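# Architecture at a glance
One-letter residues, chain by chain:
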Amino acid sequence: MEKKIRKVTVVGTGTLGTQIAILAACFDYEVSVYDTDEGSFTRGLQTLKATMKTAGKKSAFPTDDVDTVAKTVTFCKDIEEAVQDVDLVIEAVFEDLELKRKTFERLDSLVPRKAILATNSSSMPISKIESATTRPEQCVNTHFYYPARGQNMVDVMGGTKTTPEVIETAREWVRSIGCVPLTVKKESLGFCFNRVWRAIKKEVLHMWAEGYVDFRDVDRAWMIATGMPSGPFGLMDNVGLDVVYDIEIVYYNESKDPKDHPPAALKEKIDRNELGIKTNKGFYTYPDSEYGRPDFIRG
């Protein structure tokens, strides 16, 4: 059967944008990327390699030689060049609604009519973005988790007008790159697993910020209970504490409930540039993180 998607463009090459692009290239898709920061793809690649080394289990990437695969990805300084003849565009810019809407509006004016417009937003439903385009029926959420850590799952959720054909094409593409599509049948803030993860993340952040428990003990408990190579705080370091904060703000803006506002202590870490693995310091220090040591869970 002929592939419905041949060329993929990722707009925004931060931590996840870079991983999505390289993962797609691993499965022989033609991939181009665009970012206003020309060094972001290189930094994202370094973060990807560091994460694969510390993941403690097999990543979702079918090769350890991601450097070679990354060379097949075309980094474009011009967004028009990046989206030429594209079939699927995945927006992976900062978690800011207005920025995402502006990005979709620009993409809508540039990409071929056949192209699907997807967002990798960690929390925002496509229904809040689709009206920035003239093709809401071809807009969809495709939220990746963290393939470098072996989290080979992707939320797939439509908007108010997304066609069943677009949903199924997105699901087929997700499967084709070795990932599992998690189909969300009704609009849900946080999608599928991210909604579960958000409940855990919110609780442990407040437990730490309010002085109830040391974050290391939360991670030890999680690692013992689940057998995972890191706990919630180690995972947030890998995601990026700035990204975590922005996602929590999305939930707060939706509910206006003070309990949903991320703790000030998290913002203080961000202001100190303690963003996690990408700045070598977050809750833990990298590359030799405490939770990666054999004796960590013994306390």
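The structure presented is a predicted model; accordingly, all values stated were derived computationally and were not measured.

### A few points about the overall build of the chain
The helix and strand inventory of the chain stands at eleven helices and eight strands. Along the longest, intermediate and shortest principal axes, the C-alpha atoms of the chain span 55 × 45 × 35 Å. Here the chain, with 299 residues, has 55% of them falling under the buried criterion. Across the chain, the fraction of contacts at a sequence separation of at least 24, relative to all contacts at a separation of at least 6, is 68%. Within the structure as shown, the chain displays about 13700 Å² of accessible surface, and the carbon and sulfur contribution to it stands at 51%. Of the side chains in the chain, 40 bear a positive and 45 a negative charge, and the two mean positions are spaced by 2 Å.

### Some details on the nonpolar core
With 41 residues, the main nonpolar core has Ile22, Phe61, Phe144 and Trp173 as its most contacted residues. Element by element, the count of residues in this core is highest for helix α1 (residues 15-26), at eight residues. Every residue in contact with Ile22, bar those within four places of it in the chain, is listed here: Phe41, Leu45, Leu48, Phe61, Val66, Val69 and Ala70. The next biggest cluster of nonpolar side chains, apart from the first, holds 22 residues, and it includes Val218, Leu235, Phe283 and Tyr286.

### Side note on the side chain of Thr15
With respect to the helices and strands, the residue Thr15 is situated in helix α1. Thr15 gets classed as buried once you look at its relative accessible area, which sits at 14%. Dropping the residues within four chain positions of it, Thr15 is found in contact with Thr47, Tyr146, Asn238 and Lys278.

### What to know about the pattern of salt bridges
Taken as a whole and judged by the stated rule, the model has 23 salt bridges. Here Asp37 and Arg43 are joined by a salt bridge, their closest N and O atoms 2.3 Å apart. Judged by relative accessible area, which is 32%, Asp37 ranks as partly exposed. Taking the relative accessible area as the measure of exposure, Arg43 reaches 47% and is therefore partly exposed. A salt bridge links Glu91 to Lys100, with the shortest nitrogen-to-oxygen separation between them at 2.5 Å. Residue Glu91 is classed as buried on the basis of its relative accessible area, which comes to 0%. Within this structure, Arg198, Lys201, Lys202, Glu248 and Asp260 form a network of salt bridges that share partners.

### Here we look at the packing of helix α7 (residues 193-209) against helix α11 (residues 264-271)
Running from N to C, α7 and α11 cross one another at 85°; their axes reach a closest spacing of 9 Å. The angle between the axes of α7 and α11 places the two elements in the roughly perpendicular class. In this structure, α7 contributes Leu205, Trp208 and Ala209 to the contact, and α11 contributes Ala265, Leu266 and Lys269. The residue inventory of the contact of α7 with α11, partitioned by class, reads five nonpolar, no polar and one charged.

Rules behind the numbers
Residues numbered from 1 in each chain as written. Predicted model: local features only at pLDDT ≥ 70, side-chain atom pairs only at ≥ 80, totals over all residues. Heavy atoms only, no water. Helix = DSSP H or I, 4+ residues; strand = E, 2+ residues; numbered from the N terminus. Buried < 20%, exposed > 50% of the residue type's maximum accessible area, 1.4 Å probe, protein only. Contact = heavy atoms within 4.5 Å. Areas by Shrake-Rupley, 256 points an atom, 1.4 Å probe, with all protein chains shown as cover. Lys, Arg positive; Asp, Glu negative; His and termini not counted. Charge placed at Lys NZ, Arg CZ, Asp CG, Glu CD. Core = buried A, V, L, I, M, F, W, Y, C linked by side-chain atoms within 4.5 Å. Salt bridge = Lys/Arg side-chain N within 4 Å of Asp/Glu carboxyl O. Axes fitted to C-alpha atoms, helices over the stretch in contact; angles between N-to-C directions. Parallel < 35°, antiparallel > 145°, perpendicular 65-115°, else oblique. Nonpolar A, V, L, I, M, F, W, Y, C, P; charged D, E, K, R; others polar.

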